Amino acid sequence: DTGVSQDPRHKITKRGQNVTFRCDPISEHNRLYWYRQTLGQGPEFLTYFQNEAQLEKSRLLSDRFSAERPKGSFSTLEIQRTEQGDSAMYLCASSLGSAGGSIGELFFGEGSRLTVL
Amino acid sequence: TQLLEQSPQFLSIQEGENLTVYCNSSSVFSSLQWYRQEPGEGPVLLVTVVTGGEVKKLKRLTFQFGDARKDSSLHITAAQPGDTGLYLCAGRGSGYALNFGKGTSLLVTP
């Protein structure tokens, strides 16, 4: 296992289309995060999974966004009816939960860049 | 959402200079992390600071966590072109989310 992998690396779509991104975390990691990042900005938190349970979702996330982690392994992030404002880099990160709930190190993938025309 | 303010937003210096970047919040954090991100890649963890007043050193990088655990700083001594990147601080509040600041974009020219 060489790290967190994301697919596709680049996606160009027309406004109104649906897109889906996949994230394969480091195999023993039980925590998985999705972030969105625009140029020159820090990553913006979207959602968090612990195993297969989605425990937190950003209030900024519209109902066009949905994420799953069906077996506690890989995760998908789907955006329905894409808008130009959805254009961004979508980053996935995983970590190993530790006792006491401390942060732990997040390992990021290289991201999936979305361009909505 | 606990807001993390980073300053400066941009910094361009010459090789060999020293610099300090800051991460401030009105909220108290149990711990803060610093990450560095290079273009086209995801952020990579540099350090986690846990105790108020803590100072950690990583080669030419010195990280400090404020006594009240609301702020942190990163000092780089004798910067090198390889230090170029986006420096991000991150902290987790009461929830599960790890929230990032907007980052300081550092350019070190030879």
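Anything mentioned here points back to the structure above.
Small disclaimer: the values here were computed from a predicted structure and weren't measured.

**Student:** Honestly, the overall build of chain A in this entry has me stumped. Any pointers?
**Tutor:** Across its full length, chain A holds zero helices and eleven strands. Ordering the α and β elements of chain A from the N terminus gives β-β-β-β-β-β-β-β-β-β-β. For 117 residues, the compact-globule formula gives about 13 Å, and the C-alpha radius of gyration of chain A, at 14 Å, lands near that figure. Dimensions of chain A, computed from C-alpha atoms along their principal axes, come out at roughly 45 × 30 × 30 Å.

**Student:** Would you mind going over the nonpolar core with me for this structure?
**Tutor:** If you look at soluble globular proteins, the nonpolar side chains tend to sit buried side by side. Leu19, Trp34, Phe63, Leu74, Ile76 and Leu106 of chain B are the most contacted members of the largest nonpolar core, which has 20 residues in total. Contributing elements (two or more residues each) for this core: strand E3 (19–24), strand E4 (32–37), strand E5 (44–49), strand E7 (61–65), strand E8 (71–76), strand E9 (85–92) and strand E11 (104–109) of chain B. Counting 19 residues, the second-largest nonpolar core is a separate cluster that includes Phe21, Leu46, Ala67 and Cys92 of chain A.

**Student:** Would you explain the pattern of salt bridges in this entry?
**Tutor:** For side chains of opposite charge, pairing can occur when their charged atoms come near one another. Residues and elements named next belong to chain A. Inspection of the entire model under this criterion finds eight salt bridges over all chains. Note that Arg64 and Glu83 form a salt bridge whose closest N and O atoms lie 3.5 Å from each other. In this pair, Arg64 is assigned in the loop between strand E6 (53–57) and strand E7 (65–68) and Glu83 in the loop between strand E8 (75–79) and strand E9 (88–95), connecting sequence segments 19 residues apart. On the basis of relative accessible area, Arg64 is assigned to the buried category, the value being 9%.

**Student:** Honestly, the state of the cysteines in this entry has me stumped. Any pointers?
**Tutor:** Should the sulfur atoms of two cysteines be covalently bonded, the bond is a disulfide. All names here are of chain A. With the rule as written, the count across this model stands at two disulfides over all chains. With its sulfur 1.9 Å from that of its partner, Cys23 forms a disulfide with Cys92. Handedness here is read from the sign of the S-S torsion; for Cys23 and Cys92, about -65 degrees, the answer is left-handed. Remark: Cys92 occurs in strand E9 and Cys23 occurs in strand E3 (residues 19–24); sequence separation between them is 69 residues. The two residues Cys23 and Cys92 agree in class, both being buried.

**Student:** Which parts of the structure should I look at to understand the sheet that holds E8 of chain B?
**Tutor:** Residue and element names in this part refer to chain B. The strand order across the open sheet formed by five strands is E1-E3-E8-E7-E6, and the pairing between neighbours is antiparallel. Taken across any chain shown, the strands that pair with only one partner, and hence form the sheet edges, are strand E1 (5–7) and strand E6 (55–58). This sheet shows a mean twist of 15 degrees between the axes of neighbouring strands, independent of strand direction.

**Student:** Can you help me understand the pairing of E5 of chain B in this one?
**Tutor:** Taken residue by residue, a regular strand's side chains alternate between the two faces of the sheet. Residue and element names in this part refer to chain B. For E4 and E5, the ladder comprises five bridges, and the chain directions are antiparallel. From the neighbouring strand, Leu32 faces E5, where its bridge partner is Val49. Turn length for the E4-E5 hairpin, with the two strands adjacent in sequence and antiparallel, is six residues, and the turn residue Gly40 shows positive phi of about 80 degrees.

**Student:** Where do I start with the layout of surface pockets in this structure?
**Tutor:** Unoccupied space between atoms shows up once a probe the size of one water molecule is rolled over them. Estimates place the volume of the second largest pocket at around 370 Å³. Together, 20 residues line the second largest pocket, and Leu39 and Gly40 of chain A together with Gln37, Pro39 and Leu86 of chain B are the ones closest to its centre. Elements that contribute at least two residues to the lining of the second largest pocket include exactly E9 of chain A together with E9 and E11 of chain B. Residue classes in the lining of the second largest pocket are distributed as seven nonpolar, nine polar and four charged.

What counts, and where the lines are drawn
Residues numbered from 1 in each chain as written. Chains lettered and ligands numbered in written order. Predicted model: local features only at pLDDT ≥ 70, side-chain atom pairs only at ≥ 80, totals over all residues. Heavy atoms only, no water. Helix = DSSP H or I, 4+ residues; strand = E, 2+ residues; numbered from the N terminus. Rg over C-alpha atoms; globule rule 2.2 N^0.38 Å. Core = buried A, V, L, I, M, F, W, Y, C linked by side-chain atoms within 4.5 Å. Buried < 20%, exposed > 50% of the residue type's maximum accessible area, 1.4 Å probe, protein only. Salt bridge = Lys/Arg side-chain N within 4 Å of Asp/Glu carboxyl O. Disulfide = S-S within 2.5 Å. Pairing = 2+ DSSP bridges. Axes fitted to C-alpha atoms, helices over the stretch in contact; angles between N-to-C directions. 1 Å grid on protein atoms, 1.4 Å probe; cavity = no way out; pocket = protein on both sides within 12 Å on 5 of 7 lines; lining within 4 Å. Points joined across faces, edges and corners; volume = space filled by probe spheres on them. Nonpolar A, V, L, I, M, F, W, Y, C, P; charged D, E, K, R; others polar.

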